[in-house]
Amino acid sequence: MHDIRDIRDDPAAFDAALIRRGAEAAAADILGLDEKRRSIATELQTLQARRNDASKAIGQAKAKGDGAGAEALMAEVAAIKERMPALEAELAAADAALDERLAALPNRAAPDVPDGPDEDSNVEVTRHGTPRAFAFDPHEHADFGPALGLDFESAAVLSGARFAVLRRGIARLHRALGQFMLDQQTRERGYEETAPPLLVRAEALYGTGQLPKFADDLFRTTDGRWLIPTAEVTLTNLVRERILDEAALPLRLVALTPCFRAEAGAAGRDTRGLIRQHQFDKVELVAIATPEQAEAEHAHMVASAEAILEALDLPYRRMLLSAGDMGFSARKTFDLEVWLPGQQRYREISSISNCGDFQARRMNARYRPAGAKGTRFVHTLNGSGLAVGRTLVAVLENYQEADGSVRVPPALVGHMGGIERLEPVA
C-alpha cells in the first residue's frame, strides 16, 4: 500500500514510479478519490461540530426562557442527525474506493533497481561455481527420474496435471533436502523455526499483496479460506496489526511448508517435470526489520539462500531483477538461478525481496523506536531458502551418472542415513 501523502506531495514522481513498474499513471485518479473523501470528511466534521454547538445552545436557550429559539435549535440538531448516517456511509464508500484503487498498484522500485519491462533487462551480479563437464550428454530429470521413483502417471490419475508422486530414493532425497535447509537456516543463519497454518483468511493474503490482484493464481476452499501459495503469507502476517519493540528487531522466521499455486498465468510453460507444480514444498525465509536494518537483512537473506546452494555444490548466479520483472510487493529483488545441465541453462530457484513498508501498511504492522512516543511501519523481506522441488531437480541433474544413477551430495549423506547413491529400478 502507498502513503497517500507521498502522492499528494509529488504526483508526477509517483506516476513516473508506476510507469517504471509497467503500470499506468494513476496519481490524478487517486487524488480525485482522495479529494472526494476529504470533502465528505470535512462536511461530516463540520456537521458534528455544529451538532455539538447546537446541543449546548439548546440548554442555554431554555435557561433564558427562549422557547422558540430552543425549538429551532432542536429541529436543526434533528436534521443534522438525520443527515449524518448517509454522510458516514458516503465516507465509508469513499474510503473503500480509495483503498481499493491503492491496493491494485505495485510497490515502487528502489533507485538502484535497473529499468526495463521484463527478465531481459535483469542484471547478472555474480556467478558461483563451474558447471560440471559431463562425459555423456546429461538428461533432464523428467527423463531419468521415473526409474528412481519420480511418478507422474500415478499423480495424473490422482490429481491431474502438474502433480507428482515421489517414491523410494527420490522421496527420501526430497525429505533430506527440506530438513537440511531447515537445519542450516536455524542453526547457522539465525532464523526461528515456525510451523504455520496452510489455510488462511483473505485478510492475510491481502496483507502480503496476493489479493485482490492475483486471486486467479490461488486455490480457495469452500469455506472461504485460501491455501497458501508460500509461507511468506503466514510468516509475514504474524506481525499483522501489532506494535513491536525496536529491541525485538530484526525478527527472522523460517518455515518448511507445502505451497499451492493454480499457475493460472503459466499455461503451456514447464509442463514436464517438477519445475512448475500446483503443489510443492519450500523453505521460506521472512525478516521483519526497521527501515535502517532492511538493507543489511536483505544481504543476510541472500547469503542464507546462497549458502544452501554452495553447501550442495550447485553452480548458480545471482540476478538483480529489473523494475518490470519484480513481484507486485517487491521494492528490490535478487533471484538466484541454478544451473540445470538437462536444460543447459540457469533457472530460478530462489527469489529474495525487500518490500520496504509496502506490506506493513497493508497489515498495519508497526514498531516503536526506543525512547519514542510514536510508531513507524516495519519493513518486511522474504525469500526462498530454497524451493525444495527445484533443488531436487538441480541435484538430480547435476549429480546424474551415465547409468541413470544419481550421486548424493556429501552434505546430504547424513540426512540420507548414509546412502550415497540413488540406483535406478528397471
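Above this note sits the structure.
Overview of the structure. These numbers were taken from a predicted model, which means no experiment stands behind them.

With that settled, consider the overall build of the chain. A count of helices and strands for the chain gives 12 helices and 17 strands. The globule rule puts the C-alpha radius of gyration for 426 residues at 22 Å, and the 28 Å found for the chain is more than 25% above it. With respect to the principal axes defined by its C-alpha atoms, the chain has extents near 105 × 45 × 40 Å. The buried share among the 426 residues of the chain stands at 48%. Taking the intrachain contacts of the chain between residues at least 6 apart in sequence as the baseline, contacts between residues at least 24 apart amount to 72%. Counting every atom, the chain has about 19,900 Å² of accessible surface; 48% of that belongs to carbon and sulfur. Of the side chains in the chain, 52 bear a positive and 63 a negative charge, and the two mean positions are spaced by 4 Å.

To describe a pair of aromatic rings, you give the distance between the ring centres and the angle between the ring planes. Taken as a whole, this structure holds 4 aromatic pairs when the rule is applied. Ring geometry for Phe-214 and Phe-328: centres 5.6 Å apart, planes at 80 degrees, overall edge-to-face. One end of the pair, Phe-214, is in the loop between α8 (202–208) and β6 (226–227); the other, Phe-328, is in the loop between β10 (316–320) and β11 (332–340), and 114 residues separate them in sequence. Taking the relative accessible area as the measure of exposure, Phe-328 reaches 9% and is therefore buried. Cluster of aromatic residues (ring-pair linked, three or more members): Phe-214, Phe-328 and Phe-358. Just above the ring of Phe-334 sits the side chain of Arg-318; from NZ or CZ to the centre is 5.7 Å. We note Arg-366 situated over the ring of Phe-377; from NZ or CZ to the ring centre the distance is 4.2 Å.

Moving on: the sheet that holds strand β15 (residues 379–387). Strand pairs in the sheet, formed through backbone hydrogen bonds, run parallel or antiparallel to each other. With mixed pairing, 8 strands are arranged side by side in an open sheet as β1-β10-β11-β12-β15-β9-β8-β4. A single partner strand is all that each edge strand has here, and the edge strands are β1 (123–128) and β4 (192–193). Of the strand pairs in this sheet, strand β9 (residues 279–289) and β15 are connected by 7 bridges, and their pairing is antiparallel. Across the sheet, residue Ala-289 finds its bridge partner in β15, namely His-379. Relative to strand β8 (residues 251–260), helix α7 (residues 168–187) is tilted by about 165 degrees, and along the sheet it contacts β4, β8, β9 and β15. In the packing of helix α12 (residues 388–398) onto the sheet, contacts are made with β8, β9, β11, β12 (345–354) and β15, and the angle to β15 comes to roughly 35 degrees.

A few words now on the side chain of Glu-337. With respect to the element layout, Glu-337 can be found in strand β11. A distance of 2.7 Å separates polar atoms of two side chains, one belonging to Glu-337 and the other to Arg-317. The contacts of Glu-337, once residues within four sequence positions are left out, are Pro-315, Tyr-316, Arg-317, Met-319, Tyr-346, Arg-347, Glu-348 and Ile-349.

Looking now at the pairing of β10. Taken across its 5 residues, β10 has 4 buried, putting it largely inside the fold. Bridge count for β1 against β10 is 5 bridges, and the pairing is antiparallel. Across the sheet, the residue bridging to Arg-127 is Arg-317, located in β10. Bridge count for β10 against β11 is 5 bridges, and the pairing is antiparallel. Within β11, the residue paired with Met-319 across the bridge is Asp-335.

With that settled, the discussion passes to unusual backbone geometry. Glycine aside, negative phi is the norm for most residues, and most peptide bonds take the trans geometry. The linkage connecting Leu-249 with the following residue, Pro-250, adopts the cis geometry, with an omega of 5 degrees. By the element assignment, Pro-250 lies in the loop between β7 (243–245) and β8. Residue Leu-386 is bonded to the preceding Gly-385 through a cis peptide linkage, with omega at 20 degrees. Considering the arrangement of structural elements, one finds Leu-386 in strand β15. In this structure, Arg-162 is a non-glycine residue whose phi angle is positive, near 65 degrees. Summarising the element assignment, Arg-162 is placed in the loop between α6 (152–159) and β3 (165–166). Residue classification places Arg-162 among the buried positions, given a relative accessible area of 14%.

Before going further, it helps to spend a moment on the packing of helix α3 (residues 27–63) against helix α4 (residues 67–103). Axis separation between α3 and α4 bottoms out at 8 Å; the angle between their running directions is 160 degrees. Considering their axes alone, α3 and α4 lie roughly antiparallel with respect to each other. Between α3 and α4 lies a crossing whose hand is left-handed. Across the contact of α3 with α4, the residue classes tally to 22 nonpolar, 3 polar and 14 charged.

A distance of 3.2 Å separates the backbone nitrogen of Glu-153 from a side-chain oxygen at the start of α6, and that oxygen is part of Asp-151. Just beyond α6, the residue with positive phi is Gly-160, at close to 100 degrees.

On to the nonpolar core. Formed by 48 residues in total, the largest nonpolar core has its most connected members in Leu-173, Leu-177, Leu-309, Leu-314 and Leu-396. Put simply, the parts of the chain that give this core at least two residues each are α7, β9, α10 (294–311), β10, β11, β12, β15 and α12. Ranked by the residues each element gives to this core, the list is headed by α7, at 7 residues. Other than its neighbours up to four places away in sequence, Leu-309 contacts Leu-314, Tyr-316, Leu-336, Val-338, Ile-349 and Leu-386. In terms of nonpolar packing, the next biggest core, distinct from the first, is built from 15 residues, Leu-235, Leu-244, Leu-249 and Ala-360 among them.

Definitions and cut-offs
Residues numbered from 1 in each chain as written. Predicted model: local features only at pLDDT ≥ 70, side-chain atom pairs only at ≥ 80, totals over all residues. Heavy atoms only, no water. Helix = DSSP H or I, 4+ residues; strand = E, 2+ residues; numbered from the N terminus. Rg over C-alpha atoms; globule rule 2.2 N^0.38 Å. Buried < 20%, exposed > 50% of the residue type's maximum accessible area, 1.4 Å probe, protein only. Contact = heavy atoms within 4.5 Å. Areas by Shrake-Rupley, 256 points an atom, 1.4 Å probe, with all protein chains shown as cover. Lys, Arg positive; Asp, Glu negative; His and termini not counted. Charge placed at Lys NZ, Arg CZ, Asp CG, Glu CD. Phe/Tyr/Trp six-rings, centres within 6.5 Å; stacked < 30°, edge-to-face > 60°. Lys NZ or Arg CZ within 6 Å of the ring centre and 35° of its normal. Pairing = 2+ DSSP bridges. Axes fitted to C-alpha atoms, helices over the stretch in contact; angles between N-to-C directions. Polar contact = N/O pair within 3.5 Å; in protein donor to acceptor, adjacent residues only side chain to side chain. Parallel < 35°, antiparallel > 145°, perpendicular 65-115°, else oblique. Left-handed = near helix turned anticlockwise from the far one by under 90°. Nonpolar A, V, L, I, M, F, W, Y, C, P; charged D, E, K, R; others polar. Core = buried A, V, L, I, M, F, W, Y, C linked by side-chain atoms within 4.5 Å.

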